[in-house]
Amino acid sequence: MREALDLGVGALDTSSNYLGFRSHETLARVAGDLLPRFRVSTKVGYFPVPGRPSEHSLDPERLRAAVERAAQELGREPDVVFLHNPEHSLSAGPEAARRERLAAACSVLEDAASSGVCGSWGISSWDPRPLGALTGDGLPRPDVLMVRSGLLVRAGILEAADLLTARLRPSQVWGMSPFGGSTAEDVWGRFDPRVFLREAEQATATQAAFRAAYRLPAVDAVAVGTDNPAHLRELVDALALEVDEDVVGQYRRLLRDAADRSEARQ
């Protein structure tokens, strides 16, 4: 964490359900006096169930309690609280009812931000496709939208993220999981992502993939997990690299064409 601060990284992202629902307490304990130097974002929406895997819920009372509990466990108000993967509880039922449930859940987080329990609020979605039809007039406007970003995101997810951004008009859009879990995955040895950069001579493949994630889709920041200061330094240095927008546009058209062909065969 000290290395991160030295590199100019001043934001931490976590979730209530990480580390078996111990993430907030663990972060507060490990970070200690360093925690106030970071902006902290977290997520609510998953809840522990004794003897079973966690469950997802948009119940307003449970969400309200979860936001309050996050502040208590962290020892401070989170700067951002996200509604975590709301699509998990919005896959069935009449559209009007689903829209109402989403609006009620968002209102809880909006009220929490207004009352000072958190600094601001947002929506974090792994698969935004079910959410597009449920947004529009009457839904509270989130401060931040978080979506998957990067070269491993499929065309339908990218397009759904663009649609959700246009409809919600958040102040910021953040990306997540730019490497699909790990830079050690076999896929990263199958092609050279440096084609997405204007001047790639001095860049590593990891830097190119990370930088491209800022344009697939267009996001203001990208959350990435690492416990290696050298890896973090490599990613911070990548921010100075320039993405070739023409290549990004061509890539997205290729993705869309491939998706269309796949749908036609089904």
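An account of the accompanying structure is given in this report. (Residues numbered from 1 in each chain as written. Predicted model: local features only at pLDDT ≥ 70, side-chain atom pairs only at ≥ 80, totals over all residues. Heavy atoms only, no water.)

1. Some details on the overall build of the protein chain
Counted only if it meets this: The way it works is that DSSP assigns letters per residue, a run of H or I at least four long becomes a helix, a run of E at least two long becomes a strand, and they are numbered from the N terminus. Atoms counted for the radius of gyration: C-alpha only. Globule rule: 2.2 Å times the number of residues to the power 0.38. A 1.4 Å probe rolled over the protein chains alone gives each residue an accessible area, and that area as a share of the maximum for its type sets the label: buried under 20%, exposed over 50%, partly exposed in between. Any two residues whose heavy atoms approach within 4.5 Å are treated as being in contact. Just so you know, the count uses Lys and Arg for positive and Asp and Glu for negative, and it drops His and the chain ends. For this purpose, a charge sits on NZ of Lys, CZ of Arg, CG of Asp or CD of Glu.
Counting its regular elements, the protein chain contains nine helices and nine strands. Scaling as 2.2 N^0.38, a compact globule of 266 residues should have a C-alpha radius of gyration of about 18 Å, and the protein chain matches this with 19 Å. Dimensions along the principal axes, computed over C-alpha positions, put the protein chain at roughly 50 × 50 × 35 Å. Taking all 266 residues of the protein chain together, 45% fall into the buried category. Partitioning the contacts of the protein chain with sequence separation of at least 6, the portion at a separation of at least 24 is 74%. For the protein chain, the distance from the average site of its 31 positive side-chain charges to the average site of its 38 negative ones is 3 Å.

2. Details of the pairing of strand E2 (residues 39-44)
Test applied: By this definition, two strands are paired if DSSP reports at least two bridges between them.
Across the six residues of E2, five count as buried, placing the element largely inside the fold. Judged from the three bridges that link them, strand E1 (residues 11-13) and E2 form a sheet pairing that is parallel. Residue pairing in the sheet places Asp 13 in a bridge with Ser 41 of E2. The pairing of E2 with strand E5 (residues 80-84) spans four bridges and is classified as parallel. Residue pairing across strands places Lys 43 opposite Phe 82, the latter belonging to E5.

3. Focus: helix H9 (residues 245-265)
Put simply, the rule is: Take the residue count of a helix, subtract one, and multiply by 1.5 Å to get its expected span. Think of the arc as the fan of directions from the helix axis to the C-beta atoms. Whenever two N or O atoms come within 3.5 Å, that pair is a polar contact, provided that in protein one can donate a hydrogen and the other can accept it, and provided that, for residues adjacent in sequence, both atoms are side-chain atoms.
Compared with an ideal rise of 1.5 Å per residue, which puts 21 residues at 30 Å, H9 spans 31 Å between its outermost C-alpha atoms and is within 8% of the ideal. For H9, the full list of buried residues reads Val 248, Tyr 251 and Ala 259. The buried side chains of H9 occupy one side of the element, clustering within an arc of 70 degrees when seen end-on. Residues of H9 that are exposed and angled more than 90 degrees away from the buried face: Asp 246, Arg 253, Leu 254, Ala 264 and Arg 265. On its buried face, H9 is in contact with helix H6 (155-168). The N-terminus of H9 is capped by Asp 244, whose side-chain oxygen sits 3.0 Å from the backbone nitrogen of Asp 246.

4. Thoughts on the sheet that holds E1
How we decide: Geometry is summarised by axes, namely lines fitted to C-alpha atoms with helices restricted to the contacting stretch, and by angles between N-to-C directions that run from 0 to 180 degrees.
If you walk across this open sheet you meet the seven strands as E1-E2-E5-E6-E7-E8-E9, and the pairing is parallel. In this open sheet, the two strands that pair with only one neighbour each are E1 and strand E9 (221-223). Neighbour-to-neighbour, the strand axes of the sheet open up by a mean angle of 25 degrees, direction not taken into account. The sheet contact formed by E5 and strand E6 (residues 120-125) spans five bridges and is parallel. Residue pairing across strands places Val 81 opposite Trp 121, the latter belonging to E6.

5. Remarks on the packing of helix H4 (residues 60-74) against helix H5 (residues 95-114)
Formally: With respect to orientation, any angle under 35 degrees is reported as roughly parallel, any angle over 145 as roughly antiparallel, any angle of 65 to 115 as roughly perpendicular, and every other angle as oblique. Left-handed describes a crossing whose near helix is turned anticlockwise from the far helix by less than a right angle; the clockwise case is right-handed. Under the scheme applied here, ten amino acids are nonpolar (Ala, Val, Leu, Ile, Met, Phe, Trp, Tyr, Cys and Pro), four are charged (Asp, Glu, Lys and Arg), and all others, including Gly, are polar.
The interhelical angle for the contact between H4 and H5, taken along N-to-C directions, is 30 degrees, at an axis separation of 9 Å. Our classification of the angle between H4 and H5 gives roughly parallel. Handedness of the H4/H5 crossing: right-handed. Facing H4, whose interface residues are Pro 60, Leu 63, Arg 64 and Val 67, H5 presents Ala 104, Ala 105, Val 108, Leu 109 and Ala 112. By residue class, the composition of the contact of H4 with H5 is eight nonpolar, no polar and one charged.

6. Section: unusual backbone geometry
With an omega of -5 degrees, the peptide bond between Leu 216 and Pro 217 qualifies as cis. Tracing the chain through its elements places Pro 217 in the loop between helix H7 (205-212) and E9. Non-glycine residue Asn 85 carries a positive phi angle of around 45 degrees.

7. What about the pattern of salt bridges?
Applicable threshold: Salt bridges are defined by distance alone: a side-chain nitrogen of Lys or Arg within 4 Å of a carboxyl oxygen of Asp or Glu.
For the coordinates displayed, the defined rule picks out 13 salt bridges. Each of Arg 39, Arg 76 and Asp 79 takes part in one network of salt bridges that share partners.

8. Structural notes on the pairing of strand E3 (residues 46-49)
The pairing of E3 with strand E4 (residues 52-56) spans three bridges and is antiparallel. Residue pairing in the sheet places Val 49 in a bridge with Arg 52 of E4. Taken together, E3 and the strand that follows it, E4, pair antiparallel across an intervening segment of two residues, in which Gly 51 is found at a positive phi of about 80 degrees.

9. Things to note about H5
For H5, which comprises 20 residues, the first-to-last C-alpha distance of 28 Å matches the rise-based estimate of 28 Å (1.5 Å per residue) to within 8%. Along H5, the residues that are buried comprise Arg 98, Leu 102, Ala 103, Ala 105, Cys 106, Val 108, Leu 109, Ala 112 and Ala 113. Tucked into the core, H5 has its buried residues touching E2, H4, E5 and E6. Gly 116 occupies a position one or two residues after H5 and carries a positive phi of about 90 degrees.

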